[in-house]
Structure formats: structure tokens, C-alpha cells
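Take a look at the letters that make up each chain.
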Amino acid sequence: MTTRRILLINGSYRDDGITDQVVAEMAAAARTAGAEVEQIVLRDRPIEFCLNCRHCTQHPGTEPGECVHEDGMADIVRSIEAADAYVLAAPTNFGSVTALFKRFLERLTVYAWWPWGRPAPKYRKAAVKPAVLVSSSAAPGFLGRWLYSSVKQLKMAARTIGARPVATLFTGLVADQPDKPLPERVRARARRIAERLAAS
Ligand SMILES: Cc1cc2nc3c(=O)[nH]c(=O)nc-3n(C[C@H](O)[C@H](O)[C@H](O)COP(=O)(O)O)c2cc1C
């Protein structure tokens, strides 16, 4: 069996917050299960805003387009291309993913074919690779998941890079104390999901 390469992309602002803890748990479990693991923490990467110049969307084909920015995004796209499976993580801020994750999502425009004259973009990739979606909120989990658009946006990111969601881990009630440790049941679920991803 070939080794699964799992890429975890973390859109939280906070060191050792809930997202960091979930992602660290998943990375450790996937590694133990034999996967090759790479973690990208978006807050540590230089990523410019999309200019909506559509330079990257003009050429046809399944390869990502080339962006006019020369920043940290090219390395991230290379990692996305090399991976077999993904964990996409961002906490819920004001009802949606963080602005940090949204900025990254908009730069995924390189994964769209959208020449001038065409009314709407087309995905370059079929949704094939498995992806796990991770979010959290101060609100209870069932409410946050239903009320907010975070999961919808994480799904959009997955679809854009050619992935299909296979599991979602949404943790609620995370903002009742500073430095909240990950509840044990969430930790266990994160491990189980990552082990399944490594074996898929
Ligand atoms: C600017 C800001 C906006 C937030 N907006 C919401 C919100 O709309 N709904 C909610 O339930 N929690 C909200 N929260 C709480 C965050 O979802 C929670 O702190 C986060 O999931 C923790 O993730 P982290 O530990 O990775 O930072 C907000 C927090 C901040 C700082």
C-alpha cells in the first residue's frame, strides 16, 4: 500500500487554541497510522489578497493557474497538489471562517478556469480526494454547525482543490475560558477521523 500524504491547513489566529489542538491531534494520529503529514499554519505564511485580475483563470486544463503575486501561496499550492487527502480547519468568527482562511480561499482562484467572456467559473479538478472539515464556535456545536456558514466555506475550499468532504468535526462551547483544553471526547473523535483518513 502506498503512503497517504495528508495536508492539514489551519486558519486559526491563536497559538494552542482549539483549532491548533484538533489539528495537532489529527496530525499525530495520522502519523502514527503511517501517513506522511504536512501542516500549514496560515497565520505564519505571507499571503496577499486576491486582486481579482483573473490572470490565473485564463488558461484551460486541470493544472492550477499562475498567480501574479510572488508570495507564500505558490508553496501552498505545490503542497496541495502533492497531497492525497486534506484537513481544512478554521474557527467561526462572526458566523463564518476567519478572514485569514477566507483570504486563503480567495487565492484558490488558481483552481478555477474562467476566461474572459465566460459568465461563471468552472472547477479545474473533479472532487476526488478525501477532506476532513474542522471548525468551532462559542455557540453549542449543533447550533453553530446549523447557523453559521463556516462549514459551507470549508466545503467550498475542499471542492475547489478537488476534494470531497468525508467527515466534519465541529466543536461548540469553546469560548467559556481562556486556554481551554480540548475535551476528551473531541480529542478521541479527532484521532478516529484522522486514522480513517490515513487508511482511506
Ligand atoms: C472576532 C471573533 C468573532 C467570533 N464570532 C463568533 C460567532 O459568530 N459565533 C460563535 O459562536 N463564536 C464566535 N467566536 C468564538 C470563536 O468561534 C472561538 O473563540 C473559536 O472557535 C476558538 O478557536 P481557536 O481556539 O482556534 O481560536 C468569535 C471569536 C472572535 C475572536
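In this text the structure is predicted, and so the values were computed from the model without any measurement.

Peer 1: In this structure, what is going on with the overall build of the chain? I would like to understand it.
Peer 2: On a plain count of helices and strands, the chain comes out with six helices and nine strands. Its C-alpha radius of gyration of 17 Å places the chain within 12% of the 16 Å reference for a compact globule of 200 residues. Along the longest, intermediate and shortest principal axes, the C-alpha atoms of the chain span 50 × 45 × 30 Å. For the chain, the share of sequence-separated contacts (at least 6 apart) that also reach a separation of at least 24 residues comes to 79%.

Peer 1: Is there a simple way to think about the nonpolar core in this case?
Peer 2: What tends to happen in soluble globular proteins is that the nonpolar side chains get buried as a cluster. In this structure, Ile6, Met26 and Leu88 are the most contacted members of the largest nonpolar core, which totals 53 residues. Element by element, the count of residues in this core is highest for helix α1 (residues 18–32), at seven residues. When neighbours within four sequence positions are excluded, Ile6 is seen to be in contact with Ala30, Ala35, Val37, Ala83, Ala85, Val87, Leu197 and Ala198.

Peer 1: Is there a simple way to explain the packing of α1 against helix α6 (residues 184–199) in this structure?
Peer 2: Relative orientation and spacing of two packed helices are given, respectively, by the angle between their axes and the distance between those axes. Put simply, α1 and α6 touch, their axes get as near as 8 Å, and they point 45 degrees apart. Comparing their axes, α6 and α1 come out oblique. As for how α1 packs across α6, the hand of that crossing is right-handed. On α6, the residues touching Val22, Glu25, Met26, Ala29 and Ala30 of α1 are Val186, Arg187, Ala190, Arg191, Ile193, Ala194, Glu195, Leu197 and Ala198. Of the residues in the contact of α1 with α6, the class split is 10 nonpolar, no polar and four charged.

Peer 1: Looking at this structure, how should I read α6?
Peer 2: Each turn of an α-helix holds 3.6 residues, which means side chains three or four residues apart point in the same direction. For α6, built from 16 residues, the straight-helix expectation of 22 Å at 1.5 Å per residue is met to within 8% by its first-to-last C-alpha distance of 23 Å. If you check which residues of α6 are buried, you get Val186, Ala190, Ile193, Ala194, Leu197 and Ala198. For α6, the arc enclosing every buried residue in end-on projection is 135 degrees, short of the 170-degree limit, so these residues lie on one face. Away from its buried face, by an angle of more than 90 degrees, α6 presents the exposed residues Glu184, Arg185 and Ala199.

Peer 1: I would appreciate a short explanation of unusual backbone geometry in the present structure.
Peer 2: Most of the time, phi is negative for any residue but glycine, and the peptide bond is trans. Phi at Asp16 takes a positive value of approximately 60 degrees, unusual for a residue other than glycine. With respect to the secondary-structure elements, Asp16 resides in the loop between β1 (5–10) and α1. The exposure class assigned to Asp16 is exposed, which follows from the 12 C-beta atoms found within 10 Å. Located in the positive-phi region is Leu173, a residue other than glycine, with phi close to 55 degrees. Counting through the fold element by element, Leu173 comes out in the loop between β9 (163–171) and α6. You can call Leu173 partly exposed: it has 15 C-beta atoms within 10 Å.

Peer 1: Explain the sheet that holds β1 here, please?
Peer 2: Pairing between sheet strands relies on hydrogen bonds along the backbone, with the strands arranged either parallel or antiparallel. Ordered by their spatial adjacency, five strands build an open sheet running β2-β1-β3-β8-β9, and the pairing between neighbours is parallel. Sheet topology places β2 (36–41) and β9 at the edges, where each strand pairs with a single neighbour. Strand-to-strand twist in this sheet, taken as the mean axis angle between neighbours without regard to direction, amounts to 15 degrees. Bridge count between strand β3 (residues 85–89) and strand β8 (residues 129–136): four bridges; the pairing is parallel. For Val87, the partnering residue across the bridge sits in β8 and is Val132. Most of the contacts of α1 go to β1, to which it runs at about 175 degrees, and overall it touches β1, β2, β3, β8 and β9.

What counts and what doesn't
- Residues numbered from 1 in each chain as written.
- Predicted model: local features only at pLDDT ≥ 70, side-chain atom pairs only at ≥ 80, totals over all residues.
- Helix = DSSP H or I, 4+ residues; strand = E, 2+ residues; numbered from the N terminus.
- Rg over C-alpha atoms; globule rule 2.2 N^0.38 Å.
- Contact = placed C-beta atoms within 7 Å.
- Core = buried A, V, L, I, M, F, W, Y, C linked by C-beta atoms within 7 Å.
- Buried ≥ 20, exposed ≤ 12 C-beta atoms within 10 Å, placed from the backbone.
- Axes fitted to C-alpha atoms, helices over the stretch in contact; angles between N-to-C directions.
- Parallel < 35°, antiparallel > 145°, perpendicular 65-115°, else oblique.
- Left-handed = near helix turned anticlockwise from the far one by under 90°.
- Nonpolar A, V, L, I, M, F, W, Y, C, P; charged D, E, K, R; others polar.
- Expected span 1.5 Å × (residues − 1).
- Arc of directions from axis to C-beta.
- Pairing = 2+ DSSP bridges.

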